[in-house]
Amino acid sequence: MDNPDGQTDKNFRTILNTTVVRLEPEPKPGQVTSATHVVVKHGDKEFKIACKQAIVCAGTVESGAILLRSVGGDTRKFGDGFSEIFGHVTDHRSFGVAMPFFCRNMAERKTIGGIKVTSPMKFNITRNGEVVDDSVSLCVVALDTISFLPRDDLTGGDLPVGLVSWILPTTLSPRNSIELNDKNEPRISVDWADDPYLEEKKEVMRDFAVEAMNKVVKVLGIRWAELKGDDYYPILRDIEAADIVLRPTGPGTWAHEQGSIPMPNRNLEGGVVDEHLRMKYGWNNISVCDLSVFPYSAASNPTLTLAALALRLSDELVPEPNYRPVTVYNVCGQDVDVVVDASKRSTPPFGPQRLTLQAGKNHTWKITQQEAILIFSCQHAMSYDLQFLVPGGKNLIIDQPPAPPLDAQCSCSGVEVSGPQTLQDRISLEAE
Ligand SMILES: Cc1cc2nc3c(=O)[nH]c(=O)nc-3n(C[C@H](O)[C@H](O)[C@H](O)COP(=O)(O)OP(=O)(O)OC[C@H]3O[C@@H](n4cnc5c(N)ncnc54)[C@H](O)[C@@H]3O)c2cc1C
């Protein structure tokens, strides 16, 4: 790393403003090896960073591009089956109805303000009396607020606009793909997977919009408006299905592109990464953690789920040590200095390494394995008691730490003091 004083450590460097280009070595079909290097680009220069374990997390499109660049765009090098499940990037399928409205008295607009209600909405699509699709969409009813999408439908001139919109769960479409152009940049093609019940779902959405919009009229006394010529006029009758224009939103509207490097589906089938987000193809020491691992697009915002996946992955890659408390009680009637050992650098005790524990007081450390404590008298630091701490245990200091050897005591009370008096003195001396 570049030190503040300008010196460079030969073993450690920070390279800012770089992008990851690819992983090395290039996988061979049918083989799974370890990636040894992450190749990054800074300006026109490439650097190779040695890697033991790496997590690809450049977002759905760029993570896919990193895998593609690692095989020169030829996905067959990852082995059989990879090409069929890689790169099917998708975004939510969603629909919205937007309509301007008049408040009875436009001065009320400020009083009413923006309103938004969000709720899951279940489709119960039946055929021949059987439920064939009971998927859940996310439905939003928003009045006079642009807090929700689709943003480009909110045309109402100076009028406030009401919106009813839905995000539908969306499976990955095998027609979708990520490819590299001649500059090694990703190009995606996105379409929606076929939904055999889409027309029925549109009917459900339309019916709901009619009901919701008429309810709003009754409750808030507003009037929906329609465009006639250059002007808007209030609709003085109930909203009907014919008034509802259900507009699909285009891919990218949500900025929730996902699914290019998916984990297995709920039946644990398929997956470029396994259910623990580790690559199943190419390399055995690479994980992926961004929206690309979503096996389908759920009807909700994805980021919290992604954060949960990231926490789970970090726990799996670096297991959390099992810290447990241990409490030390000082009942020996005199203040003591306690020094806690740290037998492993990777899991040092939580709590101070050194502490003055007053008579009658206690202190709790958290430890992962047996540790030792040295107990010194606060008056002299020539000798100590030793105790072992066990995670989850309790320790009592019942005796005063042993008195220092006689000659040390003599020199302490004499004019020429040769040994350290207190633990602090001793630490300072040792530091020198
Ligand atoms: C306007 C907007 C509003 C949103 N609102 C919401 C919301 O309300 N709720 C919600 O759940 N989600 C929301 N999202 C979506 C949310 O931002 C994404 O779900 C989330 O950021 C995706 O995380 P990710 O890790 O997959 O990708 P990203 O967040 O895009 O992270 C990828 C990172 O990798 C870096 N990178 C890319 N390529 C390379 C490379 N080659 N080398 C090195 N680094 C690279 C990028 O700079 C970026 O920092 C919103 C998105 C947008 C754009």
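Below, the structure is looked at part by part. (Residues numbered from 1 in each chain as written. Predicted model: local features only at pLDDT ≥ 70, side-chain atom pairs only at ≥ 80, totals over all residues.)

**Observations concerning the overall build of the protein chain**
Along its length, the protein chain carries seven helices and 25 strands. Across the 432 residues that make up the protein chain, the buried fraction comes to 28%. For the protein chain, contacts bridging at least 24 residues in sequence account for 64% of all contacts bridging at least 6. (Helix = DSSP H or I, 4+ residues; strand = E, 2+ residues; numbered from the N terminus. Buried ≥ 20, exposed ≤ 12 C-beta atoms within 10 Å, placed from the backbone. Contact = placed C-beta atoms within 7 Å.)

**Thoughts on the sheet that holds strand β21 (residues 354-357)**
Reading across from one edge, β21-β20-β23-β24 is the order of the four strands in this open sheet, with antiparallel pairing throughout. Both outer strands of the open sheet, β21 and β24 (384-389), are each paired with one neighbouring strand and no more. Along the sheet, successive strands turn relative to each other by an average axial angle of 25°, direction set aside. Across four bridges, strand β20 (residues 336-340) lies against β21 in antiparallel orientation. (Pairing = 2+ DSSP bridges. Axes fitted to C-alpha atoms, helices over the stretch in contact; angles between N-to-C directions.)

**Considering helix α4 (residues 198-220)**
In a regular helix each residue adds 1.5 Å, so 23 residues correspond to 33 Å; α4 covers 32 Å between its end C-alpha atoms and thus fits that length. Along α4, the residues that are buried comprise Lys201, Met205, Arg206, Ala209 and Met213. Trailing α4 by a residue or two, glycine 221 shows a phi angle of about 70°, which is positive. (Expected span 1.5 Å × (residues − 1).)

**What about the site of the ligand?**
In the region of the ligand, 15 residues are neighbours, and Gly59, Glu62, Asp290, Asn301 and Thr303 sit closest. Residue assignment for the shell around the ligand shows that the elements contributing at least two residues are β1 (19-24), α1 (60-70) and α5 (303-317). Of the residues in the shell around the ligand, the class split is seven nonpolar, six polar and two charged. (Near = placed C-beta within 6 Å. Nonpolar A, V, L, I, M, F, W, Y, C, P; charged D, E, K, R; others polar.)

**Some words on the pairing of strand β5 (residues 93-102)**
Where a strand is regular, its side chains alternate between the two sheet faces. The buried fraction of β5 amounts to eight of the ten residues, a majority that puts the element mostly inside the structure. As defined by bridge partners, β5 adjoins strand β10 (residues 161-168) across eight bridges and the pair is classed as antiparallel. Paired with methionine 99 across the strands is glycine 162, a residue of β10. Across two bridges, the pairing between β5 and strand β16 (residues 247-248) is antiparallel. From the neighbouring strand, glycine 96 faces β16, where its bridge partner is arginine 247. Alignment of β5 against strand β14 (residues 223-228), held across two bridges, turns out to be antiparallel. Along β14, the bridge assignment pairs phenylalanine 101 with tryptophan 224.

**Quick notes on α1**
With respect to burial, α1 is a largely interior element, nine of its eleven residues being buried. Within α1, the full set of buried residues consists of Thr60, Val61, Ser63, Gly64, Ala65, Ile66, Leu67, Leu68 and Ser70. Where α1 is buried, its residues meet β1, β4 (54-56), β12 (177-180), β13 (186-189) and β17 (286-288). A positive phi of about 55° marks glycine 72, the residue just after α1.

**Some details on unusual backbone geometry**
Residues glutamate 24 and proline 25 are joined by a peptide bond in cis, for which omega reads 0°. The phi dihedral of asparagine 17 is positive, around 55°, even though this residue is not glycine. Looking at the secondary structure, you find asparagine 17 in the segment before β1. A positive phi angle, close to 65°, is found at asparagine 184, a residue other than glycine. Position of asparagine 184 relative to the elements: it lies in the loop between β12 and β13.

**Remarks on the pairing of strand β6 (residues 115-122)**
The buried count for β6 comes to zero of eight residues, which makes it a mostly uncovered element. Pairing between β6 and strand β9 (residues 136-143): eight bridges, direction antiparallel. In the sheet register, lysine 116 faces β9, and the bridge partner there is alanine 142.

**Quick notes on the environment of glycine 282**
If you trace the backbone, glycine 282 turns up in the loop between β16 and β17. Exposure remark for glycine 282: the 24 C-beta atoms within 10 Å place this residue in the buried category. A C-alpha to C-alpha distance of 8.3 Å links glycine 282 and alanine 35, two positions 247 residues apart in sequence. Residues within four places of glycine 282 in sequence aside, it is in contact with Pro27, Val32 and Phe78.

In short, shape yes, function no, at least from these values alone.
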